[in-house]
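Remarks on the overall topology
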Amino acid sequence: MNLTDSVQSHAFSDRVLIQSIVGRPDGGAGLAGQRVRAGGWVKTGREQGKGTFAFLELNDGSCPANLQVMVDAGVADLSKLVATGTCVVVDGILKLPPEGTRQRIELRVEKVVHTGEVDPAKYPIPKTKLTLEFLRDHLHLRSRTNTIAAIARIRNALAFATHSFFQEHHFLYVHTPIITTSDCEGAGEMFQVTTLISEAEKVEKELIKKPPPSEVDIEAARQLVSERGEAVRQIKAAKAGKADIGASVAELNKAKESLSKLEERSKLKPGIPQKDGKIDYSQDFFARQAFLTVSGQLQVETYACAVGNVYTFGPTFRAEHSHTSRHLAEFWMVEPEIAFADLQDDMNCAEAYVKYMCKWLLEKCLDDMEFMAKNYDKGCIDRLSMVASTPFVRISYTEAVQLLEEAVRGGKKFENEVEWGIDLASEHERYASLCSCFVYLLEIWMLISCFALTLQILDRG
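We now turn to the structure provided with this report. (Residues numbered from 1 in each chain as written. Predicted model: local features only at pLDDT ≥ 70, side-chain atom pairs only at ≥ 80, totals over all residues. Heavy atoms only, no water.)

**Details of the sheet that holds strand 7 (residues 179-180)**
Reading across from one edge, 7-11-8 is the order of the 3 strands in this open sheet, with antiparallel pairing throughout. Only two strands of the sheet have a single neighbouring strand rather than two, namely strand 7 and strand 8 (192-193). Two strands pair when backbone bridges link them, and strand 7 and strand 11 (residues 290-292) are joined in this way by 2 bridges, in the antiparallel orientation. Looking at strand 11, one finds that I179 is bridged to L292. (Pairing = 2+ DSSP bridges. Helix = DSSP H or I, 4+ residues; strand = E, 2+ residues; numbered from the N terminus.)

**Notes on the sheet that holds strand 2 (residues 53-59)**
Pairing in this closed barrel of 5 strands is mixed, and the strands run 1-2-3-5-4 around the ring. Going from strand to strand, the sheet's axes swing by 55° on average, the running direction of each strand aside. With 7 bridges connecting them, strand 1 (residues 35-48) and strand 2 associate as antiparallel partners. Pairing of E47 across the sheet is with A54, part of strand 2. (Axes fitted to C-alpha atoms, helices over the stretch in contact; angles between N-to-C directions.)

**As for the nonpolar core**
Grouped together as the largest cluster of nonpolar side chains are 30 residues, with contacts concentrated most on F166, L361 and M369. The set of elements that each furnish at least two residues to this core consists of helix 3 (146-168), strand 12 (310-317), strand 13 (330-338), helix 8 (343-364), helix 9 (366-375) and helix 10 (380-389). Among the elements that line this core, the one with the most residues is helix 8, at 7 residues. If you look at the next biggest cluster of nonpolar residues, it comprises 26 residues, including I21, L31, A76 and L94. (Core = buried A, V, L, I, M, F, W, Y, C linked by side-chain atoms within 4.5 Å. Buried < 20%, exposed > 50% of the residue type's maximum accessible area, 1.4 Å probe, protein only.)

**Regarding the pairing of strand 5 (residues 106-116)**
Pairing analysis gives 3 bridges linking strand 3 (residues 67-72) to strand 5, with the strands arranged parallel. If you follow V69 over to strand 5, its bridge partner there is L107. Bridging between strand 4 (residues 87-95) and strand 5 involves 9 bridges; their strand directions are antiparallel. Bridged to K95 within strand 5 is E106.

**Things to note about a nonpolar patch on the surface**
Residues I178, I179, F285 and F286 make up a contiguous nonpolar surface patch of roughly 390 Å² in combined accessible area. Along the chain, the position of I178 falls in the loop between strand 6 (172-173) and strand 7. (Patch = residues over 30% accessible without salt bridge, like charges linked within 9 Å, V, L, I, M, F, W, Y side chains within 5 Å. Areas by Shrake-Rupley, 256 points an atom, 1.4 Å probe, with all protein chains shown as cover. Salt bridge = Lys/Arg side-chain N within 4 Å of Asp/Glu carboxyl O.)

Laid out in structure tokens, this is it:
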């Protein structure tokens, strides 16, 4: 980057992203003297000099860092700007702050273009550190916090990197359905999608408001239709005029329509419709059971058998009653399918993908990862670097079991018994990984799922 370059406005706005100022190697110092428009939300604000000026820490979500903004009292009412959460758009000149300050650049405001005020007494997101549990009660504002904003940028980077990786390796992106009638290989408990419940509630409210007709009402309507029909026959037999016949037929049709509505309403029953003692899904929206998908694998495999290497990347759902980080009700899953490939090809792809993602975070999201390392996981950056640069060890299932059996003989205790043929538990995989960094199991036990492969293999002509 040429540190003397002019700062560029956003392509679809006249403001400058804060990241393009403070995210430079020089922290923005090379931009001193340039006029810019900046917009964002006040993280912290304070009046100084006995109310003659104020400093605002402004953040627009483009990066974790804030831009320091200095506003003189002659430019705007400072009391409307300093509250945390205030939205402002300002024009000003970038200036070098006094020596010894933490900032490398600051914005001296010449004009306040826009102010979105907040009531400090009611704004629920103070500048103090907040727990994630607290933020769940204020979902519409949680993205203004440093943690949630950093997670959003990291997820955005990982999603972009996922598509970049597979597109660079000539995979075709396939959109698989979110609503499906298939249980993909019994991958997990499924959330059901149905309109039967809402329709049943609607019918129950309707029946309370307007009870169904009785047999007496229906019989009376039938009698009226019979009488109207007889009247039409008599008029026709008397060779009456067209006008009289038309009027009589209209009365008959009206009676028939009324009878039809009564008979239809008489069929309405409270509760979910049933047939032969079971729920009658033929009356559901899709005329059969439907679910939120647990995997796009089933659909994407058909494309792999037609267009070669493909992948799907989208939301999946599991209705499992487990409150752990390994069992989420909703998550996004990457599912590539490789045609004309073997297990080694599959593992090569998985290893390359994981390393690609780690490198992408280190190169594109280092500032957000540094925030995470400082506040949540001190070793996350070191682990990313290690994964990105360390070859994955590949051992067979048999070798993995032997490794675990040796550990047991040496005094290591596992909650799950170790013997050849078992479904390796998470504790077994963790121990094997600790011994050999990253481990692939090359043999797949045919009768029990020993290891859930991230990528599925297709070797079909």
